[in-house]
Amino acid sequence: MGFMLSKTMEQNLQKQQEFMLHNTRLQLERQLLMQNQMRERQMAMQVAWSREFLKYFGSFFGLTTLGLTIGAVRKRKAALLAPVVPLSFILAYQVDAAYGSLVHRMREEAESIMASESERLALPQGMPTFESIEKSRRAKAHLTSLLEK
């Protein structure tokens with residue numbers, strides 16, 4: 001009788017552990033999906049910002065180029081067109097960021113760095129551990145309690 005009860009309890013414990021493992025995996029999958037959605041939203045905001053900035057900078061570039069060209073023709077000084085050169089590089093970068101393949105090239109370069117230069121990505125003092133986080137939390141809690149006194 002005791003053996004049967006023990007076996008049933010062991011089976012229940014096994015089922016409970018499997019259930020907990022399943023729930024943990026499900027929670028981790030949800031967290032990963034949430035983090036990825038947040039990353040995608042941030043990237044979309046960056047691209048949208050680039051496109052919005054491009055509208056303003058494109059207008060500025062166009063008006064500046066037009067004004068400098070008119071001034072260069074009227075005064076017969078080609079040197080007045082010199083500012084157009086660096087401004088055109090900035091415009092080209094903004095167009096690439098907003099509508100071009102800059103994001104794809106950056107991703108490829110990041111993957112290359114992760115594959116061949118991973119030592120550059122190491123955190124100072126290594127990866128945070130539970131102990132280091134708890135130590136920091138306790139120190140802050142201790143400071144807070146001292147300040148309240």
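Quick notes on the rules
- Residues numbered from 1 in each chain as written.
- Predicted model: local features only at pLDDT ≥ 70, side-chain atom pairs only at ≥ 80, totals over all residues.
- Heavy atoms only, no water.
- Core = buried A, V, L, I, M, F, W, Y, C linked by side-chain atoms within 4.5 Å.
- Buried < 20%, exposed > 50% of the residue type's maximum accessible area, 1.4 Å probe, protein only.
- Helix = DSSP H or I, 4+ residues; strand = E, 2+ residues; numbered from the N terminus.
- 1 Å grid on protein atoms, 1.4 Å probe; cavity = no way out; pocket = protein on both sides within 12 Å on 5 of 7 lines; lining within 4 Å.
- Points joined across faces, edges and corners; volume = space filled by probe spheres on them.
- Nonpolar A, V, L, I, M, F, W, Y, C, P; charged D, E, K, R; others polar.
- Expected span 1.5 Å × (residues − 1).
- Salt bridge = Lys/Arg side-chain N within 4 Å of Asp/Glu carboxyl O.
- Phe/Tyr/Trp six-rings, centres within 6.5 Å; stacked < 30°, edge-to-face > 60°.
- Contact = heavy atoms within 4.5 Å.

(A) Geometry of the nonpolar core. Core analysis: the biggest nonpolar cluster contains eight residues, these being Leu-54, Phe-57, Phe-61, Leu-68, Val-84, Leu-87, Leu-91 and Ala-98. Elements with a contribution of two residues or more to this core: helix 1 (2-75) and helix 2 (84-99).

(B) Structural detail: the layout of surface pockets. Its boundaries defined by the atoms lining it, the largest pocket holds a volume of some 300 Å³. If you go around the largest pocket, the residues you meet are Arg-39, Met-43, Gln-46, Val-47, Ser-50, Tyr-93, Ala-97, Leu-102, Val-103, Met-106 and Arg-107. Residue assignment for the lining of the largest pocket shows that the elements contributing at least two residues are helix 1, helix 2 and helix 3 (102-116). If you tally residues by element for the lining of the largest pocket, the top one is helix 1, at five residues. In the lining of the largest pocket, the residues fall into seven nonpolar, two polar and two charged.

(C) How the structure looks around helix 2. Between its terminal C-alpha atoms helix 2 stretches 22 Å, which fits the 22 Å expected from 16 residues at 1.5 Å a residue. Within helix 2 the residues assigned to the buried category are Val-84, Leu-87, Leu-91, Gln-94, Asp-96, Ala-97 and Ala-98.

(D) Geometry of the pattern of salt bridges. Summed over the entire model, instances satisfying the criterion amount to five salt bridges. A salt bridge links Glu-134 to Arg-138; the shortest N-O distance between them is 3.7 Å. In this pair, Glu-134 and Arg-138 both sit in helix 4 (residues 130-148), four residues apart, roughly one turn of the helix. With relative accessibility at 14%, the residue Glu-134 sits in the buried group. Take Arg-138: its relative accessible area is 54%, and that puts it in the exposed class.

(E) Expanded view of the packing of aromatic side chains. With the rule as written, the count across this model stands at three aromatic pairs. Ring centres of Trp-49 and Phe-53 lie 5.2 Å apart, and the angle between their planes is 10°; this geometry places the pair in the stacked category. Of the two residues, Trp-49 and Phe-53 both sit in helix 1, four residues apart, roughly one turn of that helix. Residue classification places Trp-49 among the exposed positions, given a relative accessible area of 54%. For Phe-53, a relative accessible area of 31% translates into the label partly exposed.

(F) The arrangement of unusual backbone geometry in detail. The backbone of Arg-76 sits at a positive phi, close to 55°, despite the residue not being glycine. Relative to the helices and strands, Arg-76 is located in the loop between helix 1 and helix 2. On the basis of relative accessible area, Arg-76 is assigned to the exposed category, the value being 74%. Non-glycine residue Gln-125 carries a positive phi angle of around 65°. With respect to the secondary-structure elements, Gln-125 resides in the loop between helix 3 and helix 4. Its relative accessible area of 86% is what places Gln-125 among the exposed residues.

(G) Geometry of the side chain of Ser-50. Position of Ser-50 relative to the elements: it lies in helix 1. Leave out the neighbours within four places in its chain, and Ser-50 touches Gln-94, Ala-97 and Ala-98.

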